[in-house]
Each structure stands twice: as C-alpha cells, then as structure tokens.
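Breakdown of the fold
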Amino acid sequence: MTHASVPPPVPPGPGAEPPIPAAPSEGGGTRLGWALGIAGGLVALCCGGGLVAGVGLAVTGVQAINERAHVTVGTYLDALKAKKYEQAYELLCEDEQQRLDLARFTSREQARPERIQSYELGEVELEGTSGITLPVTERYTDGDSEQVVYRLAQDPKTTDLEVCGRE
C-alpha cells in the first residue's frame, strides 16, 4: 500500500490569528500617563528643591553678613563708649587708618562733644559694589539721639568686616 504524501498546509492569509497572541493593549495610555506624570513630578521636585536651596543660601548669607556687621559695629561703639580708642582704631578699614593715624583718631574722638551712652543697630543694607551699610541710632549722654549710617568693608586679608566711616 502506498501512501500518498500529504501536501503541506496552506499558510494563513490576511486576518488569520498568529500562533502567539499579542500582548493586550488596553490601559497602555494610562500607564504611559502615570509614568510621564511621575517623571515630571520628580523633575519638578529636583529643580524646585534646587531653587529652594538657592534661596535658602542667599537668605542665610544675608543673615550672616547682618550678624557680622552687628558684631563689628557693636564692638566699635562699645570701645568708643569705654574710651578704648586703640581698640576702636583696630576695627577701622585700611583706607581710614591711612587717612587717620591713631593719635589723630584718638584726639578726634576725645574732642567730640557728644558721648555715646547707648545705641540701637538696624538691619544691614547691601549696596551692590559700593559695600555694606548699617543704620544705627546713637543716644548720647546729653540726652540727644542721632540716626547715623556706618559704612563697612571686608578686609581682603582676614575677610572680617571693618568700619570705613559714618555718615
């Protein structure tokens, strides 16, 4: 008996089902939306965190300058109040020390008719490249008071703030 050979099956045509079914496509847009939303949130968090950190550093820097200015001017005024002219002179910037020697500074301060009894320090004002100013209300032993502004500069060698005059 002879067996007739069976011809191979005809390949499936258009519309035929593949041997392996495709992955379901429902919900794909939702997953993509969630993924993009989470990625966008992370980017916003990182960039926003950097912005907040930058603002925080700027505020902290201004507060540090304000604190240093208060210490410098407060120490300077306390020295003048206690008639410790050499100590006050050391807090002057180099330009002021070149303009006035210690003897002239001492005689100028001793000749002032008003003596500081107390003072109230204001908030530091940063004036671009022209420097730092600090408004101070000075009260004198004769009962008068005056609003003055101290100019400050940073010593390039020590980075400390120094008094560069008053207006």
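For the structure itself, look to the data block above.
If you're wondering where the values come from, they're calculated on a predicted model, not measured in any experiment. (Residues numbered from 1 in each chain as written. Predicted model: local features only at pLDDT ≥ 70, side-chain atom pairs only at ≥ 80, totals over all residues. Heavy atoms only, no water.)

1. Focus: the state of the cysteines
By the definition in use, this model includes one disulfide. For cysteine 93, the disulfide goes to cysteine 164, at an S-S distance of 2.2 Å. With cysteine 93 in the loop between α2 (85–90) and α3 (94–99) and cysteine 164 in strand β5 (residues 161–166), the pair connects residues that are 71 residues apart, well separated along the chain. One exposure class covers both cysteine 93 and cysteine 164, and it is buried. (Disulfide = S-S within 2.5 Å. Helix = DSSP H or I, 4+ residues; strand = E, 2+ residues; numbered from the N terminus. Buried < 20%, exposed > 50% of the residue type's maximum accessible area, 1.4 Å probe, protein only.)

2. As for the pattern of salt bridges
The full count for this structure, using the stated rule, is eight salt bridges. Here glutamate 109 makes a salt bridge to arginine 108, at a shortest N to O gap of 3.1 Å. Taking relative accessible area as the criterion, glutamate 109 reaches 4% and is therefore assigned buried. For arginine 108, a relative accessible area of 35% corresponds to the partly exposed category. (Salt bridge = Lys/Arg side-chain N within 4 Å of Asp/Glu carboxyl O.)

3. A few points about a nonpolar patch on the surface
Judged by side-chain polarity, Trp34, Ile38, Leu42 and Leu45 come together as a nonpolar surface patch covering roughly 500 Å² of accessible area. Mapped onto the secondary structure, tryptophan 34 falls in helix α1 (residues 28–81). Classification of tryptophan 34 by relative accessible area gives exposed; the value is 61%. (Patch = residues over 30% accessible without salt bridge, like charges linked within 9 Å, V, L, I, M, F, W, Y side chains within 5 Å. Areas by Shrake-Rupley, 256 points an atom, 1.4 Å probe, with all protein chains shown as cover.)

4. Brief notes about helix α4 (residues 102–111)
Of all the residues in α4, the buried ones are Phe105, Thr106 and Glu109. The arc enclosing the buried residues of α4, seen along the axis, measures out at 95 degrees, which places them on a common side. Residues Ala103 and Ala111 are exposed on α4 and point more than 90 degrees away from its buried face. (Arc of directions from axis to C-beta.)

5. Considering the nonpolar core
Within soluble globular proteins, side chains that are nonpolar generally end up buried alongside one another. Grouped together as the largest cluster of nonpolar side chains are 24 residues, with contacts concentrated most on Tyr76, Leu77, Phe105 and Tyr150. Those elements that provide at least two residues to this core are α1, α2, β3 (132–140), β4 (145–154) and β5. (Core = buried A, V, L, I, M, F, W, Y, C linked by side-chain atoms within 4.5 Å.)

6. Focus: the packing of aromatic side chains
Enumeration over the complete set of coordinates arrives at two aromatic pairs. Ring centres 6.0 Å apart and planes at 70 degrees place the aromatic pair tyrosine 76 and tyrosine 150 in the edge-to-face group. Taken together, the residues span a long stretch of sequence, with tyrosine 76 in helix α1 and tyrosine 150 in strand β4 at a distance of 74 residues. Each of the two residues, tyrosine 76 as well as tyrosine 150, counts as buried. (Phe/Tyr/Trp six-rings, centres within 6.5 Å; stacked < 30°, edge-to-face > 60°.)

7. Re unusual backbone geometry
Positive phi, normally seen in glycine, also occurs at lysine 83, with a value near 60 degrees. Inspection of the secondary structure assignment puts lysine 83 in the loop between α1 and α2. Exposure remark for lysine 83: the relative accessible area of 53% places this residue in the exposed category. With a phi angle near 65 degrees, threonine 159 is a residue other than glycine that sits in the positive phi range. Along the chain, threonine 159 turns up in the loop between β4 and β5. Owing to a relative accessible area of 43%, threonine 159 belongs among the partly exposed residues under this scheme.

Functional significance is not addressed by these values, which are geometric in nature.
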